[in-house]
Amino acid sequence: MNNKAQAINMKIDRRPALVPKLRFPEFRDAGAWKTQTLGTVAAISTEKVGDNTCIPMSITSGVGLVSQMEKFGRVIAGSSYKNYLLLKKNDFAYNKSATKEYPEGFIALYSGDELAAVPNSIFTCFRIKGDSPAPLYLNYLLIGNLHGQWLRKFIQVGARAHGSLSVDEDDLLALPVPLPQGETSLQEQQKIADCLSSVDELIAAQSRKLDALKTHKKGLMQQLFPLEGETQPRFRFPEFQDAVEWEEKTLGEIVEVASGLVDPTKPPYCDMPHIGGENIESHTGDLQGVKTARELGLISGKYFFDGRDVLYSKIRPALNKVAIPDFEGICSADIYPLRPSNQKLNRQYLAYLLRSEGFLEYAIKHSDRSKIPKVNRDSLLAYELVIPCRSEQQRIADCLTSLDDLITAHTQKLDAFKTHKKGLMQRLFPSQAEVDA
């Protein structure tokens, strides 16, 4: 052996063993993992649909393969259907379209029993050659963007062909895939996949609970607030069923709109939180990414608001952005700071009123028809409504607030499950740096 070969061997011998940070007890003595290229364990599939009857599929990044009918409400395959790539159970489909979460494209496992198909223009398909790796195990590696971290070194920014990323199949097949070794390799792969699948089931169950709560809230608001053109709600709490009827008003009669401009470049306004429509989450009203005017470097005049106001975004009313701040600050010209003009209107009730279906329909219908729809002040204040007495407003607001609190708690639980899964994936698989070493 010459000196060069000895040096190479010494370098290889000094590489740390490839092992994940977290390993199930029964596999801790099974030895180190190794990487195999995707091309050694899988092969590109170019089989076309031809005369086969298949389910035309599309892909949702981060979710997986879904039928075109489910995603688009119709089949969009058209005359190119016969040239679609055929998918069998446990095949993988690589969509070479960049997304924010997966800028190098997304790879999904097809787990259906029926034949399926994907467009050959933007997909590359491959299937596992033998028993290893286990399809679900490999799928979790790819969900973790194993391929993206590898392919980004080969994909030039903006390199696209017919709307898809230009990815060489040889580069894809050169992807290093970390695998346990020895007789227990498949069992360990399956154990990892089963563990992550159980977390996915928890996430799915929690998502269903959260969706059910949101649906319940939407239905409840339809009952608690009159729809457009109605003068009474369909449901009233028992203690108010014999109370006086709701009073007809216009929004302009019960709210004030801030009109005085402030200079965000000068104290104290430059150090106050600044709210724009982009900071208000649709439908929930949660405030995200709030910074001070000084941090944002704003120079134009803005409106002052405090804890008495409700912030309503007039841009794209269909997004339904309404916030109830518990602090003082300044807001952009795209926000109306609305304040109850007397003690007969409850601030929280006002916020829910602006989120109600009746007001939402009105705002969309009466927004101007410019490139970016928005509700002008006159249209906003001309909204005709009926409101109950202050105590009934409080009862409605308390009911919806408690439901919002429950939705928030379930959202946090869902986020915790997702964070737990992310942490597990980081520990159950070797790190990307170790895999690429």
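Residues numbered from 1 in each chain as written. Predicted model: local features only at pLDDT ≥ 70, side-chain atom pairs only at ≥ 80, totals over all residues. Heavy atoms only, no water.

1. Describing the overall build of the chain
Let me state the cut-off plainly: Helix and strand assignments follow DSSP, with helices taken as H or I runs no shorter than four residues and strands as E runs no shorter than two, numbered in order from the N terminus. Restricting the calculation to C-alpha atoms gives the radius of gyration, and the globule rule supplies 2.2 Å times the number of residues raised to the power 0.38. For each residue, the accessible area found with a 1.4 Å probe, counting protein chains only, is set against the maximum for its type, and the residue is called buried under 20%, exposed over 50%, and partly exposed in between. The contact criterion used throughout is that any non-hydrogen atoms of two residues lie within 4.5 Å. Here the accessible surface of atoms and residues is derived via Shrake-Rupley with a 1.4 Å probe, and residues count as covered only by protein chains that are part of the display. For the purpose of charge, His is not counted, nor are the chain termini; Lys and Arg are scored as positive and Asp and Glu as negative. Each charge is placed at NZ for Lys, CZ for Arg, CG for Asp and CD for Glu.
Looking only at helices and strands, one finds 14 helices and 23 strands in the chain. On C-alpha atoms alone, the chain measures out to a radius of gyration of 29 Å, which is more than a quarter above the 22 Å that the 2.2 N^0.38 rule sets for 437 residues. For the chain, the C-alpha atoms occupy an extent of roughly 95 × 55 × 45 Å along the three principal directions. Expressed as a percentage of its 437 residues, the buried residues of the chain come to 44%. If you take every contact in the chain between residues at least 6 apart in sequence, the share linking residues at least 24 apart comes to 76%. Surface accessibility of the chain: about 22900 Å² in total, with carbon and sulfur atoms responsible for 51%. Here the chain contributes 54 positive and 54 negative side-chain charges, whose respective centroids are spaced 5 Å apart.

2. A closer look at the sheet that holds strand S19 (residues 310-313)
We count it as follows: Strand pairing follows a simple DSSP-based rule, namely that at least 2 bridges must link the two strands. Axis definition: a line fitted to C-alpha atoms, limited for helices to the stretch in contact. Angles are taken between N-to-C directions and run from 0 to 180 degrees.
Taken in spatial order, the four strands make up an open sheet running S14-S22-S19-S20, and their pairing is antiparallel. Where the open sheet ends on each side, the last strands, each with one partner, are strand S14 (255-257) and strand S20 (322-323). In this sheet, strand S22 (residues 335-340) lies alongside S19 in antiparallel orientation, the contact comprising four bridges. Bridging from a neighbouring strand, Ser 313 pairs with Ile 335 of S22. Sitting on the sheet, helix H10 (residues 347-355) touches S14, S19, S20 and S22, and the angle it makes with S19 is about 15 degrees.

3. Here we look at the nonpolar core
Short version of the rule: To form a nonpolar core, buried Ala, Val, Leu, Ile, Met, Phe, Trp, Tyr and Cys residues must be joined to one another through side-chain atoms within 4.5 Å.
Leu 251 and Tyr 312 are the most contacted members of the largest nonpolar core, which has 82 residues in total. Membership of the second largest hydrophobic core comes to 14 residues, among which are Leu 87, Tyr 110, Ala 116 and Val 118.

4. Description of the sheet that holds strand S8 (residues 116-118)
Strand order in the open sheet made by the four strands is S4-S3-S8-S5, with mixed pairing throughout. If you trace the sheet from one side to the other, it starts and ends with strand S4 (64-67) and strand S5 (85-87), each paired once. Here the average twist between neighbouring strands, direction ignored, is 45 degrees. With three bridges joining them, S5 and S8 adopt antiparallel strand pairing.

5. Quick word on helix H4 (residues 135-143)
Every buried residue of H4 is listed here: Tyr 137, Leu 138, Asn 139, Tyr 140, Leu 141 and Leu 142. Phi turns positive one or two residues past the end of H4, at Asn 145, with a value near 70 degrees.

6. Overview of the pattern of salt bridges
Pairs may arise between side chains of opposite charge once their charged atoms sit close together. As a reminder, the rule being used: We define a salt bridge as a side-chain nitrogen of Lys or Arg found within 4 Å of a carboxyl oxygen belonging to Asp or Glu.
Using the criterion set out here, one finds 18 salt bridges in the structure. Arg 127 serves as the salt-bridge partner of Asp 91, at 2.8 Å between the closest nitrogen and oxygen. In this pair, Asp 91 is assigned in the loop between S5 and strand S6 (92-95) and Arg 127 in strand S9 (residues 123-128), connecting sequence segments 36 residues apart. When its relative accessible area of 3% is taken as the criterion, Asp 91 is described as buried. Judged by its relative accessible area of 24%, Arg 127 falls in the partly exposed class.

7. Some thoughts on the state of the cysteines
Our working definition: Disulfides are defined in this document as cysteine sulfur pairs within 2.5 Å.
A full pass over the atoms with the stated rule returns zero disulfides. Among the cysteines around Cys 125, which has no disulfide bond, Cys 54 carries the closest sulfur, lying 11 Å off. Free of any disulfide, Cys 399 has its nearest cysteine sulfur in Cys 389, 16 Å distant. The exposure class assigned to Cys 399 is buried, which follows from its relative accessible area of 16%.

8. Thoughts on H10
Convention followed: We define a polar contact as two N or O atoms separated by no more than 3.5 Å, with the added condition that, inside protein, one atom must be a possible hydrogen donor and the other a possible acceptor, whereas residues neighbouring each other in sequence contribute only through side-chain atom pairs.
By the criterion of burial, H10 is predominantly enclosed, with seven of the nine residues buried. Of the positions making up H10, those classed as buried are Tyr 349, Leu 350, Ala 351, Tyr 352, Leu 353, Leu 354 and Arg 355. The backbone nitrogen of Gln 348 lies 2.9 Å from a side-chain oxygen of the residue at the head of H10, namely Asn 346.

9. Observations concerning the confidence of the model for the chain
Filter applied, for reference: pLDDT measures how confident the predictor is about each residue, on a scale from 0 to 100.
Per-chain confidence: the chain averages 89 in pLDDT, with 93% of residues scoring 70 or above. Taken together, the stretch residues 4-13 has pLDDT below 50 and engages in two contacts with residues farther than four places along the chain or on a different chain.

10. Focus on the packing of H10 against helix H13 (residues 390-428)
The test is simple: Any angle from 65 to 115 degrees is called roughly perpendicular, while one under 35 is roughly parallel, one over 145 is roughly antiparallel, and all others are oblique. The nonpolar class holds Ala, Val, Leu, Ile, Met, Phe, Trp, Tyr, Cys and Pro. Asp, Glu, Lys and Arg form the charged class, and all remaining residues, Gly among them, are polar.
Viewed as axis vectors pointing N to C, H10 and H13 meet at an angle of 70 degrees, and their least axial separation amounts to 9 Å. Here H10 lies roughly perpendicular to H13, going by the angle between them. For the pair formed by H10 and H13, the contact residues are Gln 348, Tyr 349, Tyr 352 and Arg 355 on the first element and Gln 393, Gln 394, Ile 396, Ala 397, Asp 398, Leu 400, Thr 401 and Asp 404 on the second. Here the contact of H10 with H13 is built from residues that sort into five nonpolar, four polar and three charged.

11. Considering unusual backbone geometry
Note the cis peptide between Ser 132 and Pro 133, where omega equals 0 degrees. Mapped onto the elements, Pro 133 comes out in the loop between S9 and H4. Along the chain, Pro 267 connects to Pro 268 via a cis peptide bond; the corresponding omega equals 0 degrees. In this structure, Pro 268 sits in the loop between strand S15 (261-262) and strand S16 (273-275). The phi torsion at Asn 145 lies on the positive side, around 70 degrees, for a residue other than glycine. With a phi angle near 45 degrees, Arg 316 is a residue other than glycine that sits in the positive phi range.

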